[in-house]
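Single-letter residue listing:
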Amino acid sequence: QVQLVESGGGLVQVGDSLRLSCAASGRTFSSNAMVWFRQAPGKEREFVAGINWSGADTYYTDSVKGRFTISRDNSKNTAYLQMNSLAPEDTAVYYCATGDWNNIYYTHTRFYPYWGQGTQVTVSS
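Note that the structure is predicted; figures quoted are calculated from it, not measured. (Residues numbered from 1 in each chain as written. Predicted model: local features only at pLDDT ≥ 70, side-chain atom pairs only at ≥ 80, totals over all residues. Heavy atoms only, no water.)

Draft legend 1. Representation of the sheet that holds strand E3 (residues 18-25). The strand order across the open sheet formed by four strands is E1-E3-E8-E7, and the pairing between neighbours is antiparallel. Edge positions in the open sheet fall to strand E1 (3-7) and strand E7 (68-73), since each of these has one partner strand only. Ignoring strand direction, the axes of neighbouring strands in this sheet form an average angle of 15°. Of the strand pairs in this sheet, E7 and strand E8 (residues 78-83) are connected by six bridges, and their pairing is antiparallel. (Pairing = 2+ DSSP bridges. Helix = DSSP H or I, 4+ residues; strand = E, 2+ residues; numbered from the N terminus. Axes fitted to C-alpha atoms, helices over the stretch in contact; angles between N-to-C directions.)

Draft legend 2. Highlighting the nonpolar core. In terms of nonpolar packing, the biggest core is built from 28 residues, with Leu4, Trp36, Val48, Phe68, Leu81, Met83 and Tyr94 touching the most fellow members. Looking at this core, the elements with two or more residues in it are E3, strand E4 (34-39), strand E5 (46-51), E7, E8, strand E9 (92-98) and strand E11 (119-124). Per-element accounting of this core gives the leading share, four residues, to E3. Residue contacts for Leu81: discarding those within four places in its chain leaves Leu18, Arg19, Leu20, Trp36, Val48, Ala49, Phe68, Thr69, Ile70 and Tyr94. Grouped together as the second largest cluster of nonpolar side chains are five residues, Val35, Phe37, Ala97 and Tyr112 included. (Core = buried A, V, L, I, M, F, W, Y, C linked by side-chain atoms within 4.5 Å. Buried < 20%, exposed > 50% of the residue type's maximum accessible area, 1.4 Å probe, protein only. Contact = heavy atoms within 4.5 Å.)

Draft legend 3. Just the pattern of salt bridges, in detail. This model, assessed by the stated rule, comprises four salt bridges. Put simply, Asp90 and Arg38 hold a salt bridge, and the shortest N to O gap is 2.9 Å. With a gap of 52 residues between them, Asp90 in the loop between E8 and E9 and Arg38 in strand E4 connect regions that are remote in the sequence. Residue class for Arg38 comes out buried when judged on its relative accessible area of 5%. Among the ionic pairs, Arg67 bridges to Asp90, the shortest N-O distance being 2.7 Å. Note that Arg67 is positioned in the loop between strand E6 (58-60) and E7 and Asp90 in the loop between E8 and E9, a separation of 23 residues in sequence. Of the two residues, Arg67 and Asp90, both sit in the buried class. (Salt bridge = Lys/Arg side-chain N within 4 Å of Asp/Glu carboxyl O.)

Draft legend 4. Just the state of the cysteines, in detail. Tallying each qualifying case throughout the model produces one disulfide. Covalently, Cys22 is tied to Cys96 through a disulfide, its sulfur atoms 2.0 Å apart. Linking Cys22 and Cys96, the disulfide has an S-S dihedral of approximately 65° and is accordingly described as right-handed. In this pair, Cys22 is assigned in strand E3 and Cys96 in strand E9, connecting sequence segments 74 residues apart. Using a relative accessible area of 0% as the deciding quantity, one classes Cys96 as buried. (Disulfide = S-S within 2.5 Å.)

Draft legend 5. Summary view of the packing of aromatic side chains. Per the stated rule, a full pass over the model turns up nine aromatic pairs. Taking 5.8 Å as the distance between ring centres and 85° as the angle between the ring planes, the aromatic pair formed by Trp101 and Tyr106 counts as edge-to-face. By relative accessible area, which is 31% here, Trp101 ends up partly exposed. Through a chain of ring-to-ring contacts, three or more aromatic side chains come together here, namely Phe37, Phe47, Tyr59, Tyr95, Tyr105, Tyr112 and Trp115. Over the ring of Tyr95 we find Arg45; its NZ or CZ atom is 3.7 Å from the centre of that ring. When the ring centre of Trp115 is taken as origin, the NZ or CZ atom of Arg45, which lies over that ring, is 4.9 Å away. (Phe/Tyr/Trp six-rings, centres within 6.5 Å; stacked < 30°, edge-to-face > 60°. Lys NZ or Arg CZ within 6 Å of the ring centre and 35° of its normal.)

Written out as C-alpha coordinates, the structure reads:
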(Lines give C-alpha, C1' and ligand atoms only; values in the text may rest on other atoms or scores of the structure.)
Protein backbone atom coordinates (compact mmCIF):
# COMPACT_ATOMS: atom_id res chain seq x y z
CA GLN A 1 0.00 0.00 0.00
CA VAL A 2 0.95 3.60 -0.59
CA GLN A 3 -0.03 6.54 1.55
CA LEU A 4 0.15 10.05 0.12
CA VAL A 5 -0.29 13.24 2.12
CA GLU A 6 -0.47 16.66 0.46
CA SER A 7 0.26 19.95 2.16
CA GLY A 8 0.95 23.56 1.29
CA GLY A 9 -2.37 24.77 0.01
CA GLY A 10 -3.96 28.03 1.07
CA LEU A 11 -5.58 31.30 0.13
CA VAL A 12 -3.45 33.58 -2.02
CA GLN A 13 -3.83 36.62 -4.25
CA VAL A 14 -3.59 36.72 -8.03
CA GLY A 15 0.05 36.53 -9.08
CA ASP A 16 1.23 34.91 -5.87
CA SER A 17 3.10 31.62 -5.55
CA LEU A 18 2.58 28.43 -3.58
CA ARG A 19 4.53 25.21 -3.23
CA LEU A 20 2.60 22.03 -2.65
CA SER A 21 4.21 18.95 -1.15
CA CYS A 22 3.24 15.30 -1.38
CA ALA A 23 4.81 12.99 1.18
CA ALA A 24 4.72 9.30 0.31
CA SER A 25 5.08 6.28 2.56
CA GLY A 26 4.34 2.60 2.63
CA ARG A 27 6.31 1.28 -0.31
CA THR A 28 9.03 2.18 -2.78
CA PHE A 29 8.48 5.75 -3.89
CA SER A 30 11.48 6.28 -6.11
CA SER A 31 10.53 3.70 -8.77
CA ASN A 32 7.27 5.24 -9.91
CA ALA A 33 6.00 8.34 -11.60
CA MET A 34 4.27 10.95 -9.47
CA VAL A 35 1.52 13.19 -10.77
CA TRP A 36 -0.64 16.09 -9.66
CA PHE A 37 -4.31 16.51 -10.50
CA ARG A 38 -6.76 19.21 -9.51
CA GLN A 39 -10.50 19.47 -9.21
CA ALA A 40 -12.42 22.72 -9.27
CA PRO A 41 -15.99 22.94 -7.96
CA GLY A 42 -18.44 21.35 -10.39
CA LYS A 43 -15.68 20.11 -12.69
CA GLU A 44 -13.97 16.82 -13.35
CA ARG A 45 -10.59 16.07 -11.86
CA GLU A 46 -7.94 17.11 -14.38
CA PHE A 47 -4.29 16.25 -14.90
CA VAL A 48 -1.84 19.02 -14.04
CA ALA A 49 1.70 17.64 -14.14
CA GLY A 50 3.74 14.45 -13.98
CA ILE A 51 7.34 13.51 -13.20
CA ASN A 52 9.15 10.26 -13.84
CA TRP A 53 10.99 8.25 -11.23
CA SER A 54 14.31 10.04 -11.58
CA GLY A 55 12.95 13.54 -12.09
CA ALA A 56 14.54 13.78 -15.53
CA ASP A 57 11.24 13.87 -17.42
CA THR A 58 8.25 16.06 -16.71
CA TYR A 59 4.95 16.73 -18.43
CA TYR A 60 2.42 19.53 -17.97
CA THR A 61 -1.04 20.36 -19.11
CA ASP A 62 -0.99 23.38 -21.41
CA SER A 63 -2.70 25.75 -18.99
CA VAL A 64 0.12 25.56 -16.43
CA LYS A 65 3.17 25.36 -18.68
CA GLY A 66 5.68 28.05 -17.79
CA ARG A 67 4.00 28.74 -14.43
CA PHE A 68 4.09 25.42 -12.57
CA THR A 69 7.08 23.18 -11.91
CA ILE A 70 6.91 19.62 -10.67
CA SER A 71 9.89 18.10 -8.87
CA ARG A 72 10.74 15.32 -6.47
CA ASP A 73 13.24 14.41 -3.79
CA ASN A 74 13.49 10.64 -3.59
CA SER A 75 15.65 10.83 -0.47
CA LYS A 76 12.66 12.42 1.27
CA ASN A 77 9.95 10.43 -0.52
CA THR A 78 8.37 13.74 -1.45
CA ALA A 79 7.08 15.33 -4.63
CA TYR A 80 6.47 19.03 -5.07
CA LEU A 81 4.44 21.36 -7.23
CA GLN A 82 5.76 24.91 -7.40
CA MET A 83 2.99 27.18 -8.62
CA ASN A 84 3.82 30.71 -9.76
CA SER A 85 1.71 33.49 -11.25
CA LEU A 86 -1.42 31.99 -9.81
CA ALA A 87 -4.74 32.96 -11.35
CA PRO A 88 -8.36 32.54 -10.20
CA GLU A 89 -8.79 29.63 -12.61
CA ASP A 90 -6.16 27.72 -10.64
CA THR A 91 -8.52 27.54 -7.68
CA ALA A 92 -9.14 23.87 -6.96
CA VAL A 93 -8.39 21.00 -4.66
CA TYR A 94 -5.00 19.62 -5.66
CA TYR A 95 -4.26 15.91 -5.39
CA CYS A 96 -1.07 13.93 -5.82
CA ALA A 97 -1.27 10.40 -7.13
CA THR A 98 0.88 7.49 -8.18
CA GLY A 99 0.62 4.04 -9.68
CA ASP A 100 2.79 1.00 -10.28
CA TRP A 101 4.50 2.40 -13.39
CA ASN A 102 6.81 5.11 -14.57
CA ASN A 103 4.69 6.66 -17.34
CA ILE A 104 4.11 10.37 -16.88
CA TYR A 105 1.77 10.61 -19.88
CA TYR A 106 -1.13 8.83 -18.23
CA THR A 107 -3.44 11.78 -17.79
CA HIS A 108 -6.63 10.02 -16.77
CA THR A 109 -7.51 9.34 -13.15
CA ARG A 110 -8.19 5.65 -13.86
CA PHE A 111 -4.47 4.94 -14.16
CA TYR A 112 -3.75 5.92 -10.55
CA PRO A 113 -4.81 3.69 -7.67
CA TYR A 114 -3.12 5.73 -4.97
CA TRP A 115 -4.30 9.22 -4.04
CA GLY A 116 -3.78 11.75 -1.32
CA GLN A 117 -6.61 13.49 0.49
CA GLY A 118 -6.12 16.75 -1.40
CA THR A 119 -5.16 20.28 -0.43
CA GLN A 120 -7.23 23.36 -1.23
CA VAL A 121 -5.76 26.18 -3.28
CA THR A 122 -7.83 29.34 -3.54
CA VAL A 123 -6.69 32.27 -5.65
CA SER A 124 -8.51 35.49 -4.87
CA SER A 125 -8.77 38.43 -7.21
